[in-house]
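A look at the structure
Single-letter residue listing:
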Amino acid sequence: MPSGSTLLPFGRLDGRRAFVSGGAHGIGAAIVRSFAGAGAKVVIGDLDITTASELAGQVGAAAVKLDVSDTGMVQQAMAQQGPFDIIVNNAGLDQHAFFTDTTPEDWVKLLAVNLVSALACTHAALPAMQAAGFGRIINITSEAARLGSRGGAVYSAAKGGVIAFTKSIARENARFGITANSIAPGPIRTPMLEAAVAKGGDKILHAMTDATLLRRLGEPEEVAAAARFLASDQAAYITGETIGVSGGMGVGG
Ligand code: NAD
(Lines give C-alpha, C1' and ligand atoms only; values in the text may rest on other atoms or scores of the structure.)
Protein backbone atom coordinates (compact mmCIF):
# COMPACT_ATOMS: atom_id res chain seq x y z
CA MET A 1 0.00 0.00 0.00
CA PRO A 2 1.31 3.47 -0.82
CA SER A 3 3.15 4.96 2.17
CA GLY A 4 1.59 8.01 3.78
CA SER A 5 -1.94 7.26 2.58
CA THR A 6 -4.77 6.97 5.09
CA LEU A 7 -6.27 3.52 5.04
CA LEU A 8 -9.68 2.37 6.19
CA PRO A 9 -9.48 -0.21 9.00
CA PHE A 10 -9.15 -3.85 7.96
CA GLY A 11 -12.07 -4.96 5.80
CA ARG A 12 -13.97 -1.67 6.17
CA LEU A 13 -15.51 -0.01 3.11
CA ASP A 14 -16.90 3.12 4.76
CA GLY A 15 -18.13 5.65 2.23
CA ARG A 16 -17.13 3.54 -0.78
CA ARG A 17 -19.73 3.47 -3.54
CA ALA A 18 -20.22 -0.10 -4.74
CA PHE A 19 -22.21 -1.65 -7.58
CA VAL A 20 -23.14 -5.34 -7.42
CA SER A 21 -24.77 -6.96 -10.45
CA GLY A 22 -27.08 -9.87 -9.74
CA GLY A 23 -27.22 -8.81 -6.11
CA ALA A 24 -30.77 -9.99 -5.40
CA HIS A 25 -29.98 -13.66 -4.81
CA GLY A 26 -27.21 -16.10 -3.98
CA ILE A 27 -23.62 -14.95 -3.98
CA GLY A 28 -24.51 -11.41 -5.07
CA ALA A 29 -26.93 -10.97 -2.16
CA ALA A 30 -24.26 -12.14 0.30
CA ILE A 31 -21.83 -9.61 -1.22
CA VAL A 32 -24.43 -6.84 -0.88
CA ARG A 33 -24.98 -7.70 2.81
CA SER A 34 -21.26 -7.90 3.47
CA PHE A 35 -20.39 -4.64 1.70
CA ALA A 36 -23.29 -2.73 3.28
CA GLY A 37 -22.27 -4.10 6.70
CA ALA A 38 -18.76 -2.82 6.06
CA GLY A 39 -20.05 0.71 5.47
CA ALA A 40 -20.27 0.84 1.67
CA LYS A 41 -23.07 2.60 -0.20
CA VAL A 42 -24.32 -0.22 -2.37
CA VAL A 43 -26.37 -0.21 -5.57
CA ILE A 44 -27.85 -3.55 -6.64
CA GLY A 45 -28.48 -4.08 -10.36
CA ASP A 46 -30.71 -7.08 -10.98
CA LEU A 47 -33.44 -8.41 -13.23
CA ASP A 48 -35.45 -9.32 -10.12
CA ILE A 49 -36.21 -5.82 -8.89
CA THR A 50 -38.75 -7.01 -6.29
CA THR A 51 -36.23 -9.09 -4.33
CA ALA A 52 -33.43 -6.59 -5.00
CA SER A 53 -35.57 -3.78 -3.53
CA GLU A 54 -36.47 -5.89 -0.46
CA LEU A 55 -32.81 -6.61 0.22
CA ALA A 56 -31.86 -2.99 -0.44
CA GLY A 57 -34.45 -1.88 2.12
CA GLN A 58 -33.04 -4.30 4.71
CA VAL A 59 -29.43 -3.17 4.38
CA GLY A 60 -29.77 0.49 3.40
CA ALA A 61 -28.76 -0.02 -0.23
CA ALA A 62 -30.39 1.08 -3.50
CA ALA A 63 -31.76 -1.17 -6.23
CA VAL A 64 -32.17 -0.71 -9.97
CA LYS A 65 -33.86 -3.04 -12.44
CA LEU A 66 -31.20 -4.06 -14.90
CA ASP A 67 -30.57 -6.69 -17.54
CA VAL A 68 -26.78 -6.85 -17.62
CA SER A 69 -26.84 -8.45 -21.06
CA ASP A 70 -28.35 -5.22 -22.45
CA THR A 71 -25.32 -2.97 -22.89
CA GLY A 72 -27.37 0.17 -23.53
CA MET A 73 -29.35 -0.40 -20.33
CA VAL A 74 -26.13 -0.95 -18.37
CA GLN A 75 -24.62 2.26 -19.70
CA GLN A 76 -27.70 4.28 -18.78
CA ALA A 77 -28.21 2.75 -15.31
CA MET A 78 -24.57 3.07 -14.29
CA ALA A 79 -24.39 6.67 -15.48
CA GLN A 80 -27.50 7.47 -13.40
CA GLN A 81 -26.42 5.55 -10.29
CA GLY A 82 -22.65 6.13 -10.40
CA PRO A 83 -19.86 6.97 -10.06
CA PHE A 84 -18.58 3.85 -8.31
CA ASP A 85 -15.39 3.05 -6.41
CA ILE A 86 -16.05 -0.70 -6.49
CA ILE A 87 -17.92 -2.86 -8.98
CA VAL A 88 -18.68 -6.55 -8.62
CA ASN A 89 -19.61 -8.22 -11.89
CA ASN A 90 -21.51 -11.11 -10.39
CA ALA A 91 -24.68 -11.72 -12.42
CA GLY A 92 -24.42 -14.99 -14.27
CA LEU A 93 -26.38 -17.69 -16.01
CA ASP A 94 -25.64 -21.40 -16.25
CA GLN A 95 -27.21 -23.93 -18.58
CA HIS A 96 -26.55 -27.64 -18.25
CA ALA A 97 -26.45 -29.23 -21.69
CA PHE A 98 -23.88 -31.05 -23.74
CA PHE A 99 -22.39 -28.73 -26.31
CA THR A 100 -23.90 -30.66 -29.24
CA ASP A 101 -27.35 -30.03 -27.75
CA THR A 102 -26.89 -26.25 -27.57
CA THR A 103 -27.86 -23.72 -30.23
CA PRO A 104 -26.19 -20.52 -31.47
CA GLU A 105 -28.95 -18.64 -29.60
CA ASP A 106 -27.82 -20.35 -26.37
CA TRP A 107 -24.19 -19.31 -27.04
CA VAL A 108 -25.12 -15.69 -27.61
CA LYS A 109 -27.23 -15.59 -24.45
CA LEU A 110 -24.61 -17.28 -22.23
CA LEU A 111 -21.82 -15.08 -23.54
CA ALA A 112 -23.96 -11.97 -23.11
CA VAL A 113 -24.95 -12.63 -19.49
CA ASN A 114 -21.63 -14.10 -18.31
CA LEU A 115 -19.02 -12.15 -20.29
CA VAL A 116 -20.36 -9.14 -22.21
CA SER A 117 -22.11 -7.98 -19.02
CA ALA A 118 -18.73 -7.66 -17.28
CA LEU A 119 -17.35 -5.72 -20.25
CA ALA A 120 -20.33 -3.36 -20.23
CA CYS A 121 -20.32 -2.66 -16.48
CA THR A 122 -16.54 -2.22 -16.42
CA HIS A 123 -16.62 0.07 -19.46
CA ALA A 124 -19.26 2.23 -17.79
CA ALA A 125 -17.42 2.42 -14.45
CA LEU A 126 -13.78 2.86 -15.50
CA PRO A 127 -13.64 6.53 -16.61
CA ALA A 128 -14.73 7.80 -13.16
CA MET A 129 -12.37 5.37 -11.40
CA GLN A 130 -9.49 6.56 -13.59
CA ALA A 131 -10.32 10.19 -12.82
CA ALA A 132 -10.51 9.42 -9.07
CA GLY A 133 -7.27 7.42 -9.06
CA PHE A 134 -8.95 4.56 -7.22
CA GLY A 135 -11.01 1.55 -8.19
CA ARG A 136 -11.71 -2.06 -7.37
CA ILE A 137 -13.10 -4.35 -10.07
CA ILE A 138 -14.13 -7.80 -8.90
CA ASN A 139 -15.34 -10.31 -11.44
CA ILE A 140 -17.08 -13.49 -10.41
CA THR A 141 -15.85 -16.24 -12.70
CA SER A 142 -15.95 -19.98 -11.92
CA GLU A 143 -13.62 -22.92 -11.40
CA ALA A 144 -15.31 -24.16 -14.58
CA ALA A 145 -13.17 -21.59 -16.39
CA ARG A 146 -9.97 -23.24 -15.19
CA LEU A 147 -11.06 -26.88 -15.22
CA GLY A 148 -13.70 -27.05 -17.94
CA SER A 149 -17.19 -28.32 -17.29
CA ARG A 150 -18.99 -31.38 -18.66
CA GLY A 151 -22.33 -29.91 -19.70
CA GLY A 152 -21.09 -26.33 -19.42
CA ALA A 153 -18.80 -25.72 -22.39
CA VAL A 154 -20.17 -22.30 -23.35
CA TYR A 155 -20.48 -21.17 -19.72
CA SER A 156 -16.84 -22.21 -19.16
CA ALA A 157 -15.75 -20.36 -22.28
CA ALA A 158 -17.48 -17.21 -21.08
CA LYS A 159 -16.00 -17.50 -17.60
CA GLY A 160 -12.53 -18.12 -19.09
CA GLY A 161 -13.04 -14.91 -21.02
CA VAL A 162 -13.80 -13.14 -17.75
CA ILE A 163 -10.41 -14.22 -16.33
CA ALA A 164 -8.51 -13.03 -19.42
CA PHE A 165 -10.48 -9.76 -19.44
CA THR A 166 -9.72 -9.19 -15.76
CA LYS A 167 -5.97 -9.60 -16.30
CA SER A 168 -6.05 -7.17 -19.22
CA ILE A 169 -8.00 -4.58 -17.24
CA ALA A 170 -5.50 -5.00 -14.38
CA ARG A 171 -2.63 -4.31 -16.81
CA GLU A 172 -4.28 -1.27 -18.40
CA ASN A 173 -5.39 0.34 -15.14
CA ALA A 174 -2.68 -0.28 -12.55
CA ARG A 175 -1.30 3.20 -13.21
CA PHE A 176 -4.63 4.67 -12.12
CA GLY A 177 -4.66 2.92 -8.73
CA ILE A 178 -7.32 0.50 -9.97
CA THR A 179 -7.10 -3.21 -9.24
CA ALA A 180 -9.02 -5.93 -11.07
CA ASN A 181 -9.34 -9.48 -9.77
CA SER A 182 -11.49 -12.54 -10.37
CA ILE A 183 -13.04 -14.87 -7.83
CA ALA A 184 -13.61 -18.44 -8.98
CA PRO A 185 -16.27 -20.11 -6.83
CA GLY A 186 -16.68 -23.86 -6.69
CA PRO A 187 -20.11 -25.34 -5.89
CA ILE A 188 -21.86 -22.75 -3.74
CA ARG A 189 -25.29 -23.22 -2.14
CA THR A 190 -27.38 -20.73 -4.17
CA PRO A 191 -30.54 -20.78 -6.32
CA MET A 192 -28.30 -21.44 -9.37
CA LEU A 193 -26.85 -24.57 -7.80
CA GLU A 194 -30.25 -25.66 -6.47
CA ALA A 195 -31.63 -25.44 -10.03
CA ALA A 196 -28.81 -27.68 -11.29
CA VAL A 197 -29.45 -30.21 -8.50
CA ALA A 198 -33.20 -30.13 -9.15
CA LYS A 199 -32.46 -31.10 -12.75
CA GLY A 200 -29.60 -33.55 -12.18
CA GLY A 201 -30.57 -35.00 -8.78
CA ASP A 202 -28.39 -36.17 -5.90
CA LYS A 203 -25.89 -37.64 -8.35
CA ILE A 204 -24.83 -34.19 -9.50
CA LEU A 205 -24.73 -32.94 -5.90
CA HIS A 206 -22.38 -35.76 -4.90
CA ALA A 207 -20.22 -35.21 -7.98
CA MET A 208 -19.88 -31.54 -7.06
CA THR A 209 -18.97 -32.10 -3.42
CA ASP A 210 -16.60 -34.96 -4.33
CA ALA A 211 -14.77 -32.59 -6.68
CA THR A 212 -13.78 -30.39 -3.73
CA LEU A 213 -10.96 -31.28 -1.32
CA LEU A 214 -13.15 -30.22 1.60
CA ARG A 215 -16.02 -32.50 0.51
CA ARG A 216 -18.78 -29.93 0.98
CA LEU A 217 -20.64 -27.12 -0.73
CA GLY A 218 -19.54 -23.57 -0.08
CA GLU A 219 -21.78 -20.87 1.32
CA PRO A 220 -22.41 -17.53 -0.45
CA GLU A 221 -20.94 -15.74 2.59
CA GLU A 222 -17.61 -17.51 1.98
CA VAL A 223 -17.43 -15.96 -1.49
CA ALA A 224 -18.55 -12.59 -0.13
CA ALA A 225 -15.68 -12.62 2.39
CA ALA A 226 -13.16 -12.87 -0.46
CA ALA A 227 -14.94 -10.11 -2.40
CA ARG A 228 -14.91 -7.84 0.65
CA PHE A 229 -11.20 -8.40 1.14
CA LEU A 230 -10.45 -7.67 -2.53
CA ALA A 231 -12.54 -4.50 -2.28
CA SER A 232 -10.71 -3.33 0.82
CA ASP A 233 -7.75 -0.99 1.12
CA GLN A 234 -5.64 -3.88 2.39
CA ALA A 235 -5.86 -5.64 -0.99
CA ALA A 236 -4.15 -2.74 -2.79
CA TYR A 237 -1.20 -4.91 -3.89
CA ILE A 238 -3.32 -7.70 -5.38
CA THR A 239 -4.30 -7.33 -9.02
CA GLY A 240 -4.85 -9.52 -12.06
CA GLU A 241 -5.37 -12.57 -9.84
CA THR A 242 -7.95 -15.32 -9.85
CA ILE A 243 -8.78 -16.45 -6.34
CA GLY A 244 -10.52 -19.79 -5.94
CA VAL A 245 -13.21 -20.04 -3.28
CA SER A 246 -13.93 -23.63 -4.06
CA GLY A 247 -12.93 -25.93 -1.24
CA GLY A 248 -9.72 -26.69 -3.11
CA MET A 249 -11.48 -27.76 -6.31
CA GLY A 250 -9.02 -25.81 -8.44
CA VAL A 251 -5.86 -27.36 -6.98
CA GLY A 252 -3.80 -28.54 -9.89
CA GLY A 253 -6.18 -26.88 -12.33
P1 NAD B 1 -28.06 -17.16 -8.78
O2 NAD B 1 -28.70 -17.67 -10.03
O3 NAD B 1 -28.37 -17.82 -7.51
O4 NAD B 1 -28.21 -15.60 -8.69
C5 NAD B 1 -27.90 -14.80 -9.82
C6 NAD B 1 -28.45 -13.41 -9.66
O7 NAD B 1 -28.20 -12.73 -10.89
C8 NAD B 1 -29.96 -13.38 -9.43
O9 NAD B 1 -30.29 -12.37 -8.50
C10 NAD B 1 -30.52 -13.06 -10.82
O11 NAD B 1 -31.78 -12.40 -10.79
C12 NAD B 1 -29.43 -12.17 -11.37
N13 NAD B 1 -29.36 -12.16 -12.83
C14 NAD B 1 -29.36 -13.23 -13.68
N15 NAD B 1 -29.33 -12.80 -14.95
C16 NAD B 1 -29.29 -11.45 -14.91
C17 NAD B 1 -29.25 -10.44 -15.89
N18 NAD B 1 -29.24 -10.74 -17.20
N19 NAD B 1 -29.21 -9.15 -15.50
C20 NAD B 1 -29.24 -8.83 -14.18
N21 NAD B 1 -29.30 -9.74 -13.20
C22 NAD B 1 -29.32 -11.04 -13.56
O23 NAD B 1 -26.47 -17.33 -9.07
P24 NAD B 1 -25.27 -17.51 -8.04
O25 NAD B 1 -25.06 -18.96 -7.84
O26 NAD B 1 -25.40 -16.60 -6.89
O27 NAD B 1 -24.08 -17.04 -9.00
C28 NAD B 1 -23.47 -15.76 -8.90
C29 NAD B 1 -22.23 -15.78 -9.77
O30 NAD B 1 -21.35 -16.80 -9.30
C31 NAD B 1 -22.51 -16.10 -11.25
O32 NAD B 1 -21.67 -15.34 -12.07
C33 NAD B 1 -22.18 -17.56 -11.36
O34 NAD B 1 -21.82 -17.93 -12.66
C35 NAD B 1 -21.01 -17.66 -10.38
N36 NAD B 1 -20.77 -19.01 -9.89
C37 NAD B 1 -21.69 -19.64 -9.10
C38 NAD B 1 -21.41 -20.93 -8.65
C39 NAD B 1 -22.37 -21.70 -7.76
O40 NAD B 1 -22.11 -22.88 -7.48
N41 NAD B 1 -23.44 -21.13 -7.28
C42 NAD B 1 -20.20 -21.55 -9.00
C43 NAD B 1 -19.31 -20.87 -9.79
C44 NAD B 1 -19.58 -19.59 -10.23
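Residues numbered from 1 in each chain as written. Predicted model: local features only at pLDDT ≥ 70, side-chain atom pairs only at ≥ 80, totals over all residues. Heavy atoms only, no water.

Things to note about the packing of helix α1 (residues 26-37) against helix α9 (residues 220-231)
- Where α1 meets α9, the closest approach of the two axes is 8 Å, and the angle between their N-to-C directions is 50°. Classified by the angle between their axes, α1 and α9 sit oblique to one another. Crossing angle aside, the handedness with which α1 passes α9 is right-handed. The residues of α9 that touch α1, namely those facing Gly 26, Ile 27, Ala 30, Ile 31, Ser 34 and Phe 35, are Pro 220, Glu 221, Val 223, Ala 224, Ala 227, Arg 228 and Ala 231.
- For the contact of α1 with α9, the per-class residue count stands at 9 nonpolar, 2 polar and 2 charged. (Axes fitted to C-alpha atoms, helices over the stretch in contact; angles between N-to-C directions. Helix = DSSP H or I, 4+ residues; strand = E, 2+ residues; numbered from the N terminus. Parallel < 35°, antiparallel > 145°, perpendicular 65-115°, else oblique. Left-handed = near helix turned anticlockwise from the far one by under 90°. Contact = heavy atoms within 4.5 Å. Nonpolar A, V, L, I, M, F, W, Y, C, P; charged D, E, K, R; others polar.)

Comments concerning unusual backbone geometry
- In this structure, Pro 83 follows Gly 82 across a cis peptide bond, with omega equal to 0°.
- The topology assignment puts Pro 83 in the loop between α3 (71-81) and β4 (86-89).
- The backbone of Arg 215 sits at a positive phi, close to 55°, despite the residue not being glycine.
- Within the secondary structure layout, Arg 215 lies in the loop between α8 (202-210) and α9.
- Given the relative accessible area of 53%, Arg 215 is considered exposed. (Buried < 20%, exposed > 50% of the residue type's maximum accessible area, 1.4 Å probe, protein only.)

Some remarks on the side chain of Ser 156
- Note that Ser 156 resides in helix α6 (residues 153-173).
- With relative accessibility at 9%, the residue Ser 156 sits in the buried group.
- Once you skip the residues sitting within four places of it in the chain, Ser 156 turns out to touch Ala 144, Ala 145, Gly 148 and Ser 149.

Remarks on α6
- The first and last C-alpha atoms of α6 sit 30 Å apart over 21 residues, in line with the 30 Å expected at 1.5 Å per residue.
- Listed as buried for α6 are Val 154, Tyr 155, Ser 156, Ala 158, Lys 159, Val 162, Ile 163, Phe 165, Thr 166, Ile 169, Ala 170 and Asn 173.
- Where the residues of α6 are buried, they touch α4 (104-132), β5 (135-140), α5 (143-147), β6 (178-185), α7 (191-200) and β7 (242-245). (Expected span 1.5 Å × (residues − 1).)

Let's talk about α7
- Those residues of α7 not exposed but buried are Leu 193, Ala 196 and Val 197. Along α7, the residues classed as buried sweep out an arc of 100° about the axis, all on the same side. Residues of α7 that are exposed and point over 90 degrees away from its buried face: Ala 198 and Lys 199.
- On its buried face, α7 sits against α8.
- Looking one or two residues past α7, Gly 201 carries a phi angle of roughly 80°, positive in sign. (Arc of directions from axis to C-beta.)

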